[in-house]
Amino acid sequence: TYLLCDSAAWNVDGRIIEAFGNVRLKQKGTTLTSEQLTYFVDDDLAEFRGDIVELVDKEGNRLRTRNLNYDTRDSVAVFSDGGSVKDKHGNVIESIVGTYDSKISTFTFEDDVKVYMDSIFMSSNKMLYLADSSKAVFGSGTRSWMNDGFARSDGGWYNEKDSVLCYKDNVYCKDKDNESWSDETYYFRKERIVEMYRNVKVLDSANNIVLLGNKLRYEQDSSLAFLLEDPAVVQFGKDESGKVDTVFLRADSLIFRGIQKCRLPEDEIGEADRRHKDILFDALQELRDKQAEERQKKLEDGL
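No experiment lies behind these values; they were computed from the predicted model shown.

A. Representation of the overall build of the protein. Assigned secondary structure in the protein consists of two helices and 24 strands. The C-alpha atoms of the protein give a radius of gyration of 32 Å, which is well past the 19 Å a tight globule of 303 residues would have. Each of the three principal axes of the protein carries a C-alpha extent, and together these read 130 × 35 × 30 Å. Counting across all 303 residues of the protein, residues that qualify as buried make up 35%. Across the protein, contacts joining residues at least 24 apart in sequence account for 28% of those joining residues at least 6 apart.

B. Just the pattern of salt bridges, in detail. For the coordinates displayed, the defined rule picks out 16 salt bridges. Across the salt bridge formed by R64 and E54, the nearest N and O atoms sit 2.7 Å from each other. Taken as a pair, R64 in strand 6 (residues 62-71) and E54 in strand 5 (residues 45-56) lie far apart in primary sequence, ten residues in all. E54 sits in the buried class, given a relative accessible area of 12%.

C. Expanded view of the state of the cysteines. As enumerated under the stated definition, the model contains zero disulfides in all. The structure places no disulfide on C166, whose sulfur is separated from the nearest cysteine sulfur, that of C173, by 11 Å. By relative accessible area, C173 is classed as buried at 16%.

D. Region of interest: the packing of aromatic side chains. Applying the stated rule across the entire model yields eleven aromatic pairs. Ring geometry for W145 and F150: centres 5.4 Å apart, planes at 55 degrees, overall tilted. According to the relative accessible area criterion, W145 is partly exposed, its value standing at 37%. Given a relative accessible area of 23%, F150 falls into the partly exposed group. Seen from the ring of W157, K135 lies directly overhead, with NZ or CZ sitting 4.5 Å from the centre.

E. Structural context of the pairing of strand 2 (residues 7-11). As judged from the five bridges shared by strand 2 and strand 3 (residues 16-27), these two strands associate in the antiparallel manner. Among the inter-strand pairings, A9 is bridged to a residue of strand 3, identified as E18. If you look at the hairpin formed by strand 2 and strand 3, you'll find four residues sitting between the two strands, and R15 has a positive phi there, around 55 degrees.

The rules behind each value
- Residues numbered from 1 in each chain as written.
- Predicted model: local features only at pLDDT ≥ 70, side-chain atom pairs only at ≥ 80, totals over all residues.
- Heavy atoms only, no water.
- Helix = DSSP H or I, 4+ residues; strand = E, 2+ residues; numbered from the N terminus.
- Rg over C-alpha atoms; globule rule 2.2 N^0.38 Å.
- Buried < 20%, exposed > 50% of the residue type's maximum accessible area, 1.4 Å probe, protein only.
- Contact = heavy atoms within 4.5 Å.
- Salt bridge = Lys/Arg side-chain N within 4 Å of Asp/Glu carboxyl O.
- Disulfide = S-S within 2.5 Å.
- Phe/Tyr/Trp six-rings, centres within 6.5 Å; stacked < 30°, edge-to-face > 60°.
- Lys NZ or Arg CZ within 6 Å of the ring centre and 35° of its normal.
- Pairing = 2+ DSSP bridges.

Listed below in structure tokens is the structure:
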């Protein structure tokens, strides 16, 4: 461990070293800097103080705070008055309390944790950042916002290297048109693919459709949803008479695709309208109406 500074005072009897000005402490790839340092020799404890106290690890991740205690024996740093980490990818993690364990290259954040990524904002009660693998592991009370979407869960992780986001336990997601529930949800950001597992339910409020199953794979670019493991599709709404009606469809596997009407050929739309009219055609009711007209005409002719 190396200590560099502009000036220092060594209390030999008290075994305390005080350092001032451009203070730097270097230890096995980790560098800490501040304006002031008090080092308790017998306790292997370095107390960094200043407007900006910075720790930079061997991966280039930067921790900044105002008060930082560093155990030089165990290579563990602790802050308790607020701090933030900017990782090598540019993501920022903030919390009130946190630690950094240099031996396992792990940051731990607790109490009002906030994460700022390129297009994702997250908050949680606790989060671990594994610097070697660029992986963030979050705990209960996790909330995240991405573009116009929102997600909530009690656990999960984000792998920056592969751009994979995982939500676990009591997962709920929502965007402008859909809501979903599952035990586990994965979002592959590069491929724009969502996979959900166990107790999956997706509500498409724009089209009054519910997708059910234990495994769902949704491809955003093609708007294709693959439903597997006991899947079902439920469509609900009101018929022409105003009565609530429901269509239930079940199979071993289902493929669901949503297509905007404006993108369909005119002949397909016309054919669909004709099929719709055929389905609504009630021959018995038409016969009754015709008989009623004939009776009415006879009455009028008799008069």
